[in-house]
Amino acid sequence: MAVPPNTDAAFLREVDEELRRDQMAKAARRYGVAAIAVIVLALVGFAGWLLWQSHEQSVAADEGAALSKAYDDLNAAKPDAAQGELTALAQSRGEGYRALALMSQGDALLQKKDLRGAAAKFGAVASDTSIGQPFRDLALVRQTTAEFDTIKPDVVVARLRGIAVKGNPWFGSAGELVAISYLRMGRRDLAGTLYGQIAQNPDMPETIRQRAVQMAGILGVDAVSGAKEQKSQ
């Protein structure tokens, strides 16, 4: 005799499969809407990012043109026209244009003998942590130069000691200010050593090196032979 099929087991399988299909349909209806929403939000976000990028590029191009015009005005002896453009650029979200505008404003004020105003512009760059350190170091050197006759020598040393070291791109300028401050403090030994280091640095601009050689010699430091050895290497 043939064995009758297990109808109970077949029925249970059909019920189980139907239940699974129903659960999958419900999940698709429930999470499908969320998935679509996520995809839509992602597309909207990507489109917004593209628009933002386009806007930033347009702003950067406009600011570059404004900075170029300001430089043209300065070269054409039109400082008032240049100041208007530089004042706007000094508020830029782009740290590069902001720093250049502030530094240019400082230079224009130096030409007018406004040392205090120039120092304030340079100081704004030096204290702006969003700007690259080499640019900030340069601004600090320029600020200290503008204030040099009105601040104490120990203040100059404290400001620039970390910049007046070999390897820093502004070693020469900062080193000269620190060395002069050492002389004002009566520390001829420290001044002579620093002048000697500047004189023997092969990467130093020749004008700065020559001054350093002369000052080192006055202070009893033989920087000439050391400089010759550096050149021959």
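What you see is a predicted model, and the numbers here were worked out from it, not measured in a lab.

**Examining the overall build of the chain**
Link 1 in the chain: Each helix and strand counted, the chain has ten helices and zero strands in total.
Link 2 in the chain: Moving toward the C terminus, one meets the helices and strands of the chain in the order α-α-α-α-α-α-α-α-α-α.
Link 3 in the chain: Buried positions account for 32% of the 233 residues belonging to the chain.
Link 4 in the chain: Restricting to contacts in the chain with at least 6 residues of sequence separation, those with at least 24 account for 43%.

**A few points about the environment of glutamine 210**
Link 1 in the chain: Looking at where glutamine 210 falls in the secondary structure, it is placed in helix H9 (residues 206-218).
Link 2 in the chain: Overall, glutamine 210 belongs to the partly exposed group, its relative accessible area being 39%.
Link 3 in the chain: Taking the C-alpha atoms as reference points, glutamine 210 and isoleucine 198, twelve residues apart in sequence, are found 9.4 Å from one another.
Link 4 in the chain: At a separation of 2.7 Å, a polar atom in the side chain of glutamine 210 contacts the side chain of glutamate 206.

**What about the packing of helix H6 (residues 153-160) against helix H7 (residues 171-184)?**
The relative placement of two packed helices is expressed as an angle between their axes plus a distance between the axes.
Link 1 in the chain: Following both chains from N to C, one finds H6 and H7 inclined at 145 degrees, their axes separated by 8 Å at the closest point. Both H6 and H7 take part in a crossing whose hand is left-handed. On H7, the residues touching Pro153, Val156, Val157 and Leu160 of H6 are Ala174, Leu177, Val178, Ser181, Tyr182 and Arg184.
Link 2 in the chain: Of the residues in the contact of H6 with H7, the class split is eight nonpolar, one polar and one charged.

**Here's the deal with unusual backbone geometry**
Of all residues except glycine, most have a negative phi; of all peptide bonds, most are trans.
Link 1 in the chain: With a phi close to 70 degrees, lysine 113 is a non-glycine residue in the positive phi region.
Link 2 in the chain: Relative to the elements of secondary structure, lysine 113 occurs in the loop between helix H3 (95-111) and helix H4 (115-126).
Link 3 in the chain: The class of lysine 113 is exposed, set by a relative accessible area of 69%.

**Section: the confidence of the model for the chain**
Link 1 in the chain: Overall, the predicted model of the chain reaches an average pLDDT of 78, with 65% of residues at or above 70.
Link 2 in the chain: The model gives residues 34-38 a pLDDT under 50, and that stretch makes zero contacts with residues more than four places away or in other chains.
Link 3 in the chain: Throughout residues 227-233 the model reports pLDDT below 50, and contacts reaching past four residues in sequence, or to other chains, amount to six contacts.

Definitions and limits used
- Residues numbered from 1 in each chain as written.
- Predicted model: local features only at pLDDT ≥ 70, side-chain atom pairs only at ≥ 80, totals over all residues.
- Heavy atoms only, no water.
- Helix = DSSP H or I, 4+ residues; strand = E, 2+ residues; numbered from the N terminus.
- Buried < 20%, exposed > 50% of the residue type's maximum accessible area, 1.4 Å probe, protein only.
- Contact = heavy atoms within 4.5 Å.
- Polar contact = N/O pair within 3.5 Å; in protein donor to acceptor, adjacent residues only side chain to side chain.
- Axes fitted to C-alpha atoms, helices over the stretch in contact; angles between N-to-C directions.
- Left-handed = near helix turned anticlockwise from the far one by under 90°.
- Nonpolar A, V, L, I, M, F, W, Y, C, P; charged D, E, K, R; others polar.
- pLDDT = per-residue confidence, 0-100.

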